[in-house]
Amino acid sequence: GGVVAAPGGRIELGAVRSGYVSLAADSWAAGYDTVRHFGDIQLAEQSLVDASDRLFNASGQSYARGSAGGTVQVRGRQLQATDGSHILVQNESDRPSGHLVVTASETIDLSGRDADSGLFTVFQTDSFGEGAGGDIVAIAPQFFFGQGNALTTNTYGSSASGNIEAIASSAIFIRGDINIAPMMTAAESRCSPRLAIIIEHTSIQALAPRIFFPSTM
């Protein structure tokens, strides 16, 4: 149930077993070109990674503000998010938000909601004002989705929401219900080579050689 927060800032969450990570002097962006082996990342028990431009405490009171929605980059070997954990970038400003980028060398797994609260596991960007919402980009050989867990981007203001792109070089496994977006206006499914879902003011693409919808896994 840990929290990593940077209001309107940049969060670099990486797991490295061997190699070196560079930092760009002008943006503090991490570079992983010389990493030889990545480690695993697990978000559990309602863990939160939050680069929203406005942060709230458990009582709903705002306690920190930034100039616009920030950026989150996550890099690892296997990324597993469970128990209602969130990666979140919300933008209430009139400036474009930063983006949410998740890259794994083996798997990305969004599985299981919190048993007590019913919270889903979500990677999410939102826009509440005139500034555009951030994109979500997820890249891995294999994805595991389902049980209502989500990659979601929303707009509640006058601006556009972000786009979602999930790229798998091997396969995408979808188990049970998948909550890709809250308001779908059209959907198109092709088993190979792509699944594309178009929603209001944004687009979602899931690209993979194989896409599976098993009843059990």
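If you're wondering where the values come from, they're calculated on a predicted model, not measured in any experiment.

**Re the overall build of the chain**
Logical step 1: Tallying secondary structure elements over the chain gives zero helices and 21 strands in all.
Logical step 2: Going through the 217 residues of the chain one by one, you find that 47% of them count as buried.
Logical step 3: Considering only residue pairs separated by 6 or more positions, the chain has 73% of its internal contacts joining residues 24 or more positions apart.
Logical step 4: Counting only carbon and sulfur atoms, one obtains 50% of the accessible surface of the chain, whose full area is about 10,600 Å².

**A closer look at the pattern of salt bridges**
Logical step 1: Summed over all chains, the structure comprises four salt bridges.
Logical step 2: Residue arginine 10 is joined to glutamate 12 by a salt bridge in which the shortest nitrogen-to-oxygen separation is 2.7 Å.
Logical step 3: A relative accessible area of 24% means that glutamate 12 is categorised as partly exposed.
Logical step 4: Linked through salt bridges whose partners overlap, the residues forming this network are Asp40, Arg77 and Glu106.

**Focus on the sheet that holds strand β14 (residues 122–127)**
Logical step 1: Across the sheet, five strands lie side by side as β1-β8-β12-β14-β16; this open sheet has parallel pairing. Looking along the sheet, the strands with just one partner apiece sit at the ends: β1 (3–5) and β16 (150–155). Adjacent strand axes in the sheet meet at a mean angle of 10°, parallel and antiparallel pairs treated alike.
Logical step 2: Of the pairings in the sheet, the one linking strand β8 (residues 48–50) to strand β12 (residues 86–91) comprises three bridges and is parallel in character. Bridge pairing in β12 links aspartate 50 to leucine 88.

**Observations regarding the environment of phenylalanine 173**
Logical step 1: Its location among the elements puts phenylalanine 173 in strand β17 (residues 164–175).
Logical step 2: Between the C-alpha atom of phenylalanine 173 and that of aspartate 109, which follows or precedes it by 64 residues, the distance is 9.5 Å.

**A closer look at the nonpolar core**
One broad rule of soluble globular proteins: the nonpolar side chains tend to lie buried together.
Logical step 1: One finds Val72, Ile87, Ile108, Phe123, Phe143 and Leu151 to be the most contacted residues of the largest nonpolar core, which totals 30 residues.
Logical step 2: Contributing elements (two or more residues each) for this core: β7 (41–43), β11 (71–81), β12, β13 (100–110), β15 (136–146) and β17.

**Thoughts on the environment of serine 158**
Logical step 1: Tracing the sequence through the fold places serine 158 in the loop between β16 and β17.
Logical step 2: Taking the C-alpha atoms as reference points, serine 158 and glutamate 130, separated by 28 residues in sequence, lie 5.5 Å from one another.

**Observations regarding the packing of aromatic side chains**
Here a ring pair, both rings aromatic, is described through the centre-centre distance and the interplanar angle of the planes.
Logical step 1: The final tally for this structure, using the stated rule, is four aromatic pairs.
Logical step 2: Geometrically, the ring pair formed by tyrosine 32 and phenylalanine 38 is tilted, given 5.9 Å between the ring centres and 45° between the ring planes.

**Examining the confidence of the model for the chain**
Logical step 1: Taken as a whole, the chain shows an average pLDDT of 80; of its residues, 81% reach a score of 70 or greater.
Logical step 2: Under a pLDDT of 50 for its full length, residues 179–203 has, in the predicted model, 60 contacts with residues more than four places off or in other chains.

Calculation criteria
Residues numbered from 1 in each chain as written. Predicted model: local features only at pLDDT ≥ 70, side-chain atom pairs only at ≥ 80, totals over all residues. Heavy atoms only, no water. Helix = DSSP H or I, 4+ residues; strand = E, 2+ residues; numbered from the N terminus. Buried < 20%, exposed > 50% of the residue type's maximum accessible area, 1.4 Å probe, protein only. Contact = heavy atoms within 4.5 Å. Areas by Shrake-Rupley, 256 points an atom, 1.4 Å probe, with all protein chains shown as cover. Salt bridge = Lys/Arg side-chain N within 4 Å of Asp/Glu carboxyl O. Pairing = 2+ DSSP bridges. Axes fitted to C-alpha atoms, helices over the stretch in contact; angles between N-to-C directions. Core = buried A, V, L, I, M, F, W, Y, C linked by side-chain atoms within 4.5 Å. Phe/Tyr/Trp six-rings, centres within 6.5 Å; stacked < 30°, edge-to-face > 60°. pLDDT = per-residue confidence, 0-100.

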